[in-house]
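# Examining the three-dimensional arrangement
Chain residues, written in single-letter form:
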Amino acid sequence: MLEAEFMKSDRLRASELIYDGQIIQLYRNQVEIHPQVVVARELVNHQNAVVILPITDTDEIILVSQYRPAVDQVLLELPAGLIDIHQLAAEDPLIAAKRELEEETGMQSDCWEYYGKLDCSPGFCNEAMEFYIARDVKGVPHPIAGDEDEFITVKKYSRSTIQSMLDERLISDMKTHLILKLWLLGGI
């Protein structure tokens, strides 16, 4: 895992590593948030991720569903995944997006657009997500294998079905909800 930027800050006064996991580290830091005002903050260092909006040549969206233990639900989501770290260097986000799309959906695209980067929960976590649009996605005969601990269902949805699912609040994953709304509004 790469060192968190918040650990390099000139506002950091003290730090205690509370938990060191494979994907996250939890710190209890003393941070100067205003001149001469130091507060305790529990901060999570989390690997960054990519999120893909896969659009078929018939203007359908590919979504995946999988069980998410943190909310104890099967969620409908855009394909997404962590940016891998190799020898203390982060994988190129576009390469990660292409890998995740193929691993999670068995599809590829030759038409990629970068949409932007957003912080997920900056009040306590430094995870950022890089958003990509993949147009004219198509299945591949022998896709790269996904993670063995992921059990994913893949399905295509029309524009009207996406609108209905959002209206009925059937998509609770925030990144997915946001990007699909932007797509429906013509912002993507």
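This is a predicted model, so every value here is computed, not measured.

### Regarding the pattern of salt bridges
- Across all of its chains, the model carries 14 salt bridges by this definition.
- A salt bridge links Glu-100 to Arg-99; the nearest nitrogen and oxygen atoms lie 2.9 Å apart. In this pair, the class of Glu-100 matches that of Arg-99, namely buried.
- In this structure, Glu-103 engages Arg-99 in a salt bridge whose closest nitrogen and oxygen atoms are separated by 3.6 Å. One end of the pair is Glu-103 and the other is Arg-99, both in helix H1 (residues 93-105) and four residues apart, which spans about a single turn.
- Several salt bridges share partner residues, and in doing so they unite Asp-84, Glu-91, Arg-99, Glu-100 and Glu-103 into one network.

### Describing the packing of aromatic side chains
- Scanning the entire structure with this criterion turns up three aromatic pairs.
- Look at Phe-6 and Tyr-27: their rings are 5.9 Å apart centre to centre, the planes differ by 80°, and that puts the pair in the edge-to-face class. Within this pair, whereas Phe-6 is found in the segment before strand E1 (12-20), its partner Tyr-27 is found in strand E2 (residues 24-34), the two being separated by 21 residues in sequence. Like Tyr-27, Phe-6 is buried.
- A cation over a ring is seen here: Arg-159 above Trp-183, with NZ or CZ 4.0 Å from the ring centre.

### Some details on the domain arrangement of the protein chain
- The domains assigned to the protein chain are domain 1 (12-46) and domain 2 (49-185).
- Averaged C-alpha coordinates put domain 1 and domain 2 at centres separated by 30 Å.
- Domain 1 puts six residues into the contact, and the matching count from domain 2 is six residues.
- Buried surface at the junction of domain 1 and domain 2, both sides included, amounts to about 500 Å², of which 57% is carbon and sulfur.
- Taken together, domain 1 and domain 2 are joined by four residue pairs in polar contact (both at pLDDT 80 or more).
- Considered class by class, the residues forming the side of domain 1 that touches domain 2 number three nonpolar, two polar and one charged.

### Focus on the environment of Lys-175
- Take Lys-175: it is sitting in helix H3 (residues 174-184).
- Classification of Lys-175 as buried rests on a relative accessible area of 12%.
- It is 8.6 Å that separates the C-alpha atoms of Lys-175 and Cys-120, two residues lying 55 residues apart in sequence.
- One polar contact links Lys-175 to Asp-173, side chain to side chain, over a distance of 2.8 Å.

### Observations regarding the nonpolar core
- Core analysis: the largest hydrophobic core is formed by 22 residues, its most contacted members being Leu-53, Ile-61, Leu-63, Leu-78, Ile-162, Leu-180 and Trp-183.
- Of all elements in the fold, only strand E4 (49-55), strand E5 (61-68), strand E12 (128-135), helix H2 (159-167) and H3 reach the threshold of two or more residues within this core.
- In contact with Trp-183, other than residues within four places in its own chain, are Leu-53, Ile-55, Asp-59, Ile-61, Arg-159, Ile-162 and Ile-188.
- By size, the runner-up hydrophobic cluster in this structure holds twelve residues, among which are Ile-52, Ile-83, Ala-97 and Val-137.

### A closer look at the side chain of Thr-56
- As for its placement among the helices and strands, Thr-56 is situated in the loop between E4 and E5.
- In terms of polar contacts, Thr-56 uses its side chain to reach the side chain of Thr-58, at 3.0 Å.
- When near neighbours in sequence (up to four residues on either side) are disregarded, Thr-56 contacts Ile-62, Asp-136, Val-137 and Lys-156.

### Examining the layout of surface pockets
- As a volume, the largest pocket reaches approximately 1,400 Å³.
- Elements supplying a minimum of two residues to the lining of the largest pocket: E5, strand E6 (73-77), strand E7 (80-82), H1, strand E11 (111-119), E12 and H3.
- For the lining of the largest pocket, the per-class residue count stands at 18 nonpolar, seven polar and 14 charged.
- What lines the second largest pocket is a set of 31 residues, and nearest its centre among them are Ala-4, Glu-5, Asn-45, Asn-48 and Asn-126.
- Broken down by element, the residue count for the lining of the second largest pocket peaks at four residues, all from strand E3 (residues 37-46).
- Taken together, the residues of the lining of the second largest pocket sort by class into 16 nonpolar, eight polar and seven charged.
- Here the lining of the second largest pocket spans two domains, and each of domain 1 (12-46) and domain 2 (49-185) adds at least three residues to it.

Conventions used here
- Residues numbered from 1 in each chain as written.
- Predicted model: local features only at pLDDT ≥ 70, side-chain atom pairs only at ≥ 80, totals over all residues.
- Heavy atoms only, no water.
- Salt bridge = Lys/Arg side-chain N within 4 Å of Asp/Glu carboxyl O.
- Buried < 20%, exposed > 50% of the residue type's maximum accessible area, 1.4 Å probe, protein only.
- Helix = DSSP H or I, 4+ residues; strand = E, 2+ residues; numbered from the N terminus.
- Phe/Tyr/Trp six-rings, centres within 6.5 Å; stacked < 30°, edge-to-face > 60°.
- Lys NZ or Arg CZ within 6 Å of the ring centre and 35° of its normal.
- Domains from an automatic or database assignment.
- Contact = heavy atoms within 4.5 Å.
- Buried area = accessible area lost by both parts, 1.4 Å probe.
- Polar contact = N/O pair within 3.5 Å; in protein donor to acceptor, adjacent residues only side chain to side chain.
- Nonpolar A, V, L, I, M, F, W, Y, C, P; charged D, E, K, R; others polar.
- Core = buried A, V, L, I, M, F, W, Y, C linked by side-chain atoms within 4.5 Å.
- 1 Å grid on protein atoms, 1.4 Å probe; cavity = no way out; pocket = protein on both sides within 12 Å on 5 of 7 lines; lining within 4 Å.
- Points joined across faces, edges and corners; volume = space filled by probe spheres on them.

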